[in-house]
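# Tertiary structure, described
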Amino acid sequence: MHYFQKKASMSDSPPQRPDTPCVAVCSTTFDDICRGCGRTVNEVAHWVFMTEEEKTKIWERITAEGYPRRQG
């Protein structure tokens, strides 16, 4: 029984990705969206305090928009 519980929990884990979308191309000079990672200034500032669900929603949005980008 323990094996099946462990297996089920592994399938429920979030996709493997970096801890943060940051690519060290930080620029919000002209607007509130970072040209490197695609997050808003507020999202960057609060990232470490966000739940996995909140982070997942942001990851989904920024990857759909073509982020993160190494060259801004």
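Residues numbered from 1 in each chain as written. Predicted model: local features only at pLDDT ≥ 70, side-chain atom pairs only at ≥ 80, totals over all residues. Heavy atoms only, no water.

With respect to the helices, strands and loops of the structure, Arg-39 is situated in the loop between helix H1 (2–11) and helix H2 (41–46). With residues up to four places along the chain from it excluded, the contact list for Arg-39 reads Thr-20, Pro-21, Cys-22, Asp-32, Ile-33, Cys-34, Val-44, Trp-47, Ile-58, Arg-61 and Ile-62. (Helix = DSSP H or I, 4+ residues; strand = E, 2+ residues; numbered from the N terminus. Contact = heavy atoms within 4.5 Å.)

When the pLDDT values of the protein chain are averaged, the result is 81; 74% of them are 70 or greater. Averaged pLDDT values for the elements of the protein chain fall to 46 in H1 and rise to 97 in helix H3 (residues 52–64). (pLDDT = per-residue confidence, 0-100.)

In this section: the environment of Cys-37. With respect to the helices and strands, the residue Cys-37 is situated in the loop between H1 and H2. Sequence spacing of Cys-37 and Gly-66 is 29 residues, and the spatial spacing of their C-alpha atoms is 9.2 Å. Every residue in contact with Cys-37, bar those within four places of it in the chain, is listed here: Pro-21, Cys-22, Val-44, Ile-62, Tyr-67 and Pro-68.

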